[in-house]
Amino acid sequence: APLGEVVRLSGPREQLPLGGPRRQTLSSSSMSGACIAEYTARVVVTGAAGRLGGKIAAALRATGRHVIAIDRAPEPSGPAPRAWDEYVQCDLAGAYKGDARTALVEAVEGADAVVHCAAWPGPSATPPPAVSLELGTQAARSIGLETIAPGRILRDNLAMTHALCDIAVEARVRRFVFSSTAFAMGWSHATSGPQALTPKYLPMDEAHPPQPTETYGLSKLLCEEALAAAARTASSSSFVSLRFTNVIKSENWAKLPWPAPTAEQPLPLVFWAYAHEDDVVDAHVSAVLRAECAESGTHESYLIAAADTRFAAPTRELLSTCAGLSLGTEGGVAERHPYSGNESVLCCRKARDRLGWNPRSWQVQPPSKEQAASFQSAPVASESLLKAALALSLLPRAERRGGLAAVLASTDAEVRALSLEGFVLDCGLTLPEGAFVTYKLHGDLASLASLPGGPADTHGTGRKGLILHPTSFDAVHSELEYRIGSGKTLNTDLYNVLVVNMLGNGVSLSPSNAPASLQGNAFPSFSVRDNVRAQAAVLRSLGVDLAAKPLDLIFGYSMGGLQAYEWAVRFPAAAKAIAVVCGAARCSPVNQAFLLSLQGALCADSRWNPARQMFDAFPADGLRALARVYSGWGVGEAFYEQRLFASPQHGHRTDATVAGFVKESYEVAFLNSDADDLLCMASTWQSAEVSDTAGGDLAAALSRVEARVLLMPCASDRYFSLDAARHEAKLLGRRAVLRPIESAVGHRAGDPWRRGLEGEDSFIREQVHALLAGTL
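These numbers come from a predicted model, not from an experiment. Sequence order sets the numbering: in each chain, residues are counted from 1 along the sequence as written. This being a predicted model, a pLDDT of at least 70 is required before a residue's local features are given, and a value of 80 or more before pairs of side-chain atoms are given or counted; all residues contribute to the totals for chains, interfaces and linings. Note: side-chain values were computed over all heavy atoms of the structure, leaving out hydrogens and water.

A. Inspection of the overall build of the protein at higher detail. Tallying secondary structure elements over the protein gives 22 helices and 26 strands in all. Type-normalised accessible area, obtained with a 1.4 Å probe on protein chains alone, sets the label of each residue: buried when under 20%, exposed when over 50%, and partly exposed for intermediate values. In the protein, buried positions account for 56% of the 776 residues. Values of accessible area rely on a 1.4 Å probe in the Shrake-Rupley scheme; residue burial ignores everything except the protein chains shown. When the accessible area of the protein is evaluated, it comes to approximately 31100 Å², of which 52% is carbon and sulfur surface. Helix numbers and strand numbers start at the N terminus; a helix is a DSSP run of H or I with at least 4 residues, a strand a run of E with at least 2.

B. Representation of helix α21 (residues 722-732) in the model. For α21, the full list of buried residues reads Leu722, Ala725, Glu728, Ala729 and Leu732. What you see down the axis of α21 is that its buried residues fit within an arc of 120 degrees, all on one side. Set apart from the buried face of α21 by more than 90 degrees, the exposed residues are Asp723 and Lys730. By definition, residues are in contact when any of their heavy atoms lie within 4.5 Å. For α21, the secondary structure elements touched by its buried residues are α14 (559-570), α20 (698-702), β25 (708-712) and β26 (736-738). Note on α21: the residue one or two positions beyond its end, glycine 733, has a positive phi of about 65 degrees. Starting at the helix axis, one direction is taken to each C-beta atom, and the arc is that of these directions.

C. Looking closely at the pairing of strand β16 (residues 436-442). Burial of β16 is extensive: seven of the seven residues sit out of reach of the surface. Both faces of β16 are covered, namely the face carrying Phe436, Thr438, Lys440 and His442 and the face carrying Val437, Tyr439 and Leu441. Two strands qualify as a pair provided DSSP detects at least 2 bridges between them. Sheet topology places strand β15 (residues 416-419) next to β16; four bridges connect them, and they run antiparallel. From the neighbouring strand, serine 419 faces β16, where its bridge partner is phenylalanine 436. Pairing of β16 with strand β20 (residues 495-500), which is carried by four bridges, proceeds in the antiparallel orientation. Among the inter-strand pairings, lysine 440 is bridged to a residue of β20, identified as valine 499.

D. Region of interest: the packing of helix α13 (residues 528-541) against α14. The angle between two axes is taken between their N-to-C directions and runs from 0 to 180 degrees, where each axis is a line fitted to C-alpha atoms and a helix contributes only its stretch in contact. Their axes nearest at 9 Å, the elements α13 and α14 cross at an angle of 75 degrees. Here α13 is positioned roughly perpendicular relative to α14, judged by the angle of their axes. Contacts between α13 and α14 involve Val528, Arg529, Asn531, Val532, Gln535, Ala536 and Leu539 from the first element and Leu562, Gln563, Glu566, Trp567 and Arg570 from the second. Classifying every residue of the contact of α13 with α14 gives six nonpolar, three polar and three charged. Should an angle lie under 35 degrees it is considered roughly parallel, over 145 roughly antiparallel, and from 65 to 115 roughly perpendicular; all remaining angles are considered oblique. Polarity classes work like this: nonpolar for Ala, Val, Leu, Ile, Met, Phe, Trp, Tyr, Cys and Pro, charged for Asp, Glu, Lys and Arg, and polar for all others, with Gly in that last group.

E. The arrangement of the sheet that holds β25 in detail. Taken in spatial order, the eight strands line up as β15-β16-β20-β17-β21-β22-β25-β26 in an open sheet, and their pairing is mixed. Two strands in the sheet have a free side with no partner beyond their single neighbour: β15 and β26. Across the sheet, the axes of successive neighbouring strands diverge by a mean angle of 20 degrees, strand direction being ignored. In terms of strand pairing, strand β21 (residues 553-557) meets strand β22 (residues 577-581) through four bridges, oriented parallel. Bridging from a neighbouring strand, glycine 556 pairs with valine 580 of β22. Where α13 meets the sheet, it contacts β15, β16, β17 (465-470) and β20, and its direction lies at approximately 55 degrees from that of β16. With respect to the sheet, α14 is in contact with β17, β21, β22 and β25, its orientation differing from that of β21 by roughly 145 degrees.

F. The side chain of threonine 215, seen in detail. The topology assignment puts threonine 215 in helix α5 (residues 215-231). Polar contacts here mean pairs of N or O atoms no more than 3.5 Å apart (in protein, one a potential hydrogen donor and the other a potential acceptor; neighbouring residues in sequence count only if both atoms are side-chain atoms). Looking at threonine 215, its side chain comes within polar contact range of the main-chain oxygen of proline 150, at 2.9 Å. Discounting residues that sit within four places of it in the chain, threonine 215 has contacts with Pro150, Ile153 and Leu154.

G. Seen up close, the packing of aromatic side chains. Aromatic contacts are taken between Phe, Tyr and Trp rings whose centres are within 6.5 Å, Trp giving its six-membered ring; a plane angle under 30 degrees counts as stacked, one over 60 as edge-to-face, and the others as tilted. Taken as a whole and judged by the stated rule, the model has 29 aromatic pairs. Taking the centre distance of 5.1 Å and the plane angle of 80 degrees together, the rings of phenylalanine 594 and tyrosine 630 count as edge-to-face. Taken as a pair, phenylalanine 594 in helix α15 (residues 589-603) and tyrosine 630 in helix α16 (residues 620-634) lie far apart in primary sequence, 36 residues in all. The aromatic ring of phenylalanine 271 is capped on one face by arginine 310, whose charged end is 4.3 Å from the ring centroid. The rule is short: NZ of Lys or CZ of Arg within 6 Å of the ring centre and within 35 degrees of the ring normal puts a charge over the ring.

H. A look at the nonpolar core. Residues belong to one nonpolar core when they are buried, are Ala, Val, Leu, Ile, Met, Phe, Trp, Tyr or Cys, and are joined through side-chain atoms within 4.5 Å. One finds Leu498, Tyr630 and Trp685 to be the most contacted residues of the largest nonpolar core, which totals 120 residues. Not counting residues up to four positions away in its chain, the partners in contact with leucine 498 are Tyr439, Lys440, Leu441, Leu466, Ile467, Leu468, His469, Val538, Leu539 and Leu542. By size, the runner-up hydrophobic cluster in this structure holds 34 residues, among which are Val43, Ala83, Val281 and Ile304.

I. Examining the environment of histidine 162 more closely. Structurally, the position occupied by histidine 162 is in helix α4 (residues 150-170). Sequence separation of histidine 162 and cysteine 223 is 61 residues, and the distance between their C-alpha atoms is 7.1 Å.

J. Local environment of the pattern of salt bridges. Salt bridge, as applied in this entry: a Lys or Arg side-chain nitrogen positioned within 4 Å of an Asp or Glu carboxyl oxygen. Applying the stated criterion across every chain yields a total of 33 salt bridges. With a closest N to O distance of 2.8 Å, arginine 51 and glutamate 251 form a salt bridge. Placement of the pair is arginine 51 in helix α1 (residues 51-62) and glutamate 251 in the loop between β11 (247-248) and β12 (275-276), with a sequence separation of 200 residues. Taking the relative accessible area as the measure of exposure, glutamate 251 reaches 48% and is therefore partly exposed. Aspartate 621 is paired through a salt bridge with arginine 607; the nearest N and O atoms lie 3.9 Å apart. Of this pair, aspartate 621 sits in helix α16 while arginine 607 sits in the loop between α15 and β23 (608-609), placing them 14 residues apart in sequence. When salt bridges that share partners are traced, they join Asp412, Glu414, Lys440 and Glu481 into one network.

K. Highlighting the environment of glutamate 109. Note on placement: glutamate 109 falls in the loop between α2 (98-108) and β7 (113-116). You can call glutamate 109 partly exposed: its relative accessible area is 31%. Separated by 62 residues in the primary sequence, glutamate 109 and alanine 171 place their C-alpha atoms 5.7 Å from one another.

Structural data, given as structure tokens:
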């Protein structure tokens with residue numbers, strides 16, 4: 001259509017209240033079953049006839065939004081599923097006046113969000129006057145360039161965005177999402193030399209000053225400035241700009257990696273980065289749905305790029321040989337952190353943290369059936385989630401957010417989350433929207449609803465008892481499933497087993513997944529009691545009445561034992577029995593000293609920010625230091641003296657050294673953990689003191705226990721000691737049974753999933769079964 005001409009293809013729509021078209025739906029909370037009115041959020045998507053805009057429109061429509069598509073092209077026809085509910089043909093470049101503006105005002109009226117994709121989508125083939133045509137021709141070989149004049153790209157892109165922004169603000173649209181570009185950071189027709197981008201530091205993040213050299217990148221940057229200007233006065237709207245890189249279409253994904261650039265055939269630095277088209281779509285959807293990614297009256301920019309480059313060669317090497325850039329040397333480009341492998345030149349951590357965005361990597365192929373079966377977690381919720389989890393294992397360490405085990409566990413299709421909004425913590429903070437606790441039930445709700453008040457039914461009537469299994473330090477629910485199942489320690493033939501992820505472990509609310517309002521020093525401290533009350537809330541949500549139907553057992557290893565004791569003291573009638581394996585009633589003085597050494601080692605890393613109370617970047621040095629400290633406590637002295645670290649029985653090489661064992665068994669494990677989450681869990685552990693209920697008097701506190709207590713310390717455990725367990729057993733008297741685990745592996749004896757610990761596993765299973773059967 002000519003500039004400014006409007007063709008409405010869907011016909012006029014009725015006047016609608018704010019929020020969009022009314023539909024009838026059955027309220028799940030309505031006891032009468034009557035229908036109630038519900039409003040479908042309206043979303044406007046410009047550029048919807050294009051490939052990316054159409055995918056974004058379809059993805060938003062799949063979330064239940066009412067999508068109004070706008071494009072200057074006629075509505076596409078064909079057999080493909082409809083990606084929108086209404087279509088308006090309009091050239092936005094002329095939408096500052098006349099019929100085009102009227103049509104745009106009508107389309108945006110009542111919208112909850114606007115996603116602005118319409119634009120000239122790339123640089124002009126004509127380079128800036130000072131850049132030689134030869135260099136421009138060379139750049140054109142690496143990317144499709146627009147044949148129109150540079151000035152028109154600048155004029156039209158800015159005019160479209162400015163007109164749409166004004167109309168959206170007038171309509172009080174909640175969220176304006178802008179498809180910007182990483183080319184604003186400094187893509188250049190000159191692929192090398194003084195006219196090419198020289199970054200101030202690498203990898204570049206959103207704080208790096210943009211350095212556009214041509215009108216496409218400049219137009220997008222000016223559009224962002226227009227949105228930022230609008231945000232200063234539009235207190236009811238928020239603005240998000242997504243600076244995504246060159247998009248890799250699905251059909252071209254298998255062509256990655258590309259051959260590495262050379263000094264003779266270089267590529268613009270920003271073009272080293274990439275993103276799968278579906279990841280770019282996901283970023284736009286998240287920007288619409290996630291309220292916390294931009295507060296009202298603000299503008300936020302996000303870099304959208306995979307964590308690696310599109311080349312297999314190491315980035316540091318390519319920067320030197322192809323771009324003429326030296327890193328970390330005097331006069332060179334500063335490093336935000338040491339480069340690892342083929343790490344990207346763009347940092348997407350902000351998008352990970354605040355958009356919840358997990359990009360694909362060409363280095364991660366869809367898992368085979370054998371690979372998928374090797375994970376201990378249950379079947380994943382979706383292939384995209386599994387790909388995201390697998391990709392995390394290959395990310396440069398500086399880009400990781402959340403521990404690897406936690407990310408994998410979060411994809412478990414059987415995990416459920418309970419909102420903790422309004423939950424008041426012991427520290428006094430009331431948790432906001434977005435706070436949650438997660439759990440997995442091994443069993444079914446039907447058998448929970450018919451739980452008898454007496455012992456678990458073993459006579460074939462189908463009714464089962466219930467066992468609660470809290471997680472422990474740096475553990476997630478999927479890592480505990482080796483002891484859950486038919487005939488196992490927690491026998492699912494006779495019992496339902498509920499595993500609740502501890503607050504701070506990366507699957508429940510944690511620093512690594514917290515909403516924006518709880519980031520950094522705003523994140524609260526959790527107590528053991530907070531965890532117990534959250535677990536009680538989960539049980540209530542499942543319809544379990546603990547007053548009428550107490551738990552058959554609370555089974556806790558290590559920090560799980562602290563939680564089991566807290567249950568028994570705070571809620572004496574809630575459980576018939578507790579099993580404390582390599583745990584205790586409180587964090588003893590020697591245990592506190594151990595935790596202080598871990599915290600000190602970790603926070604000595606230069607990436608620790610004491611003002612924000614979090615790490616600014618991945619603290620590899622701190623995690624290695626923590627791992628080495630832990631290795632002296634995690635196993636018993638005899639483990640080293642008897643050279644079990646070199647025992648084939650324990651799965652080790654006969655020529656293994658202490659240093660090799662520490663690296664392979666401890667450093668590798670903790671380097672896959674999230675440092676902020678570790679500190680959160682350590683703080684919970686350090687504050688554990690069950691005698692708080694009795695003014696610090698442990699004997700008085702334990703006198704409240706009504707449950708049968710099985711204590712299974714390991715004789716060689718260095719921080720939950722046998723002596724402490726003996727003292728607790730003495731205070732508990734006839735309510736307690738002490739069954740020490742005789743093992744040289746120390747604290748690990750209570751978590752016997754490793755090779756060589758079959759005897760420890762068998763001993764724990766026999767004792768727990770006897771406890772439940774009443775024969776102990």
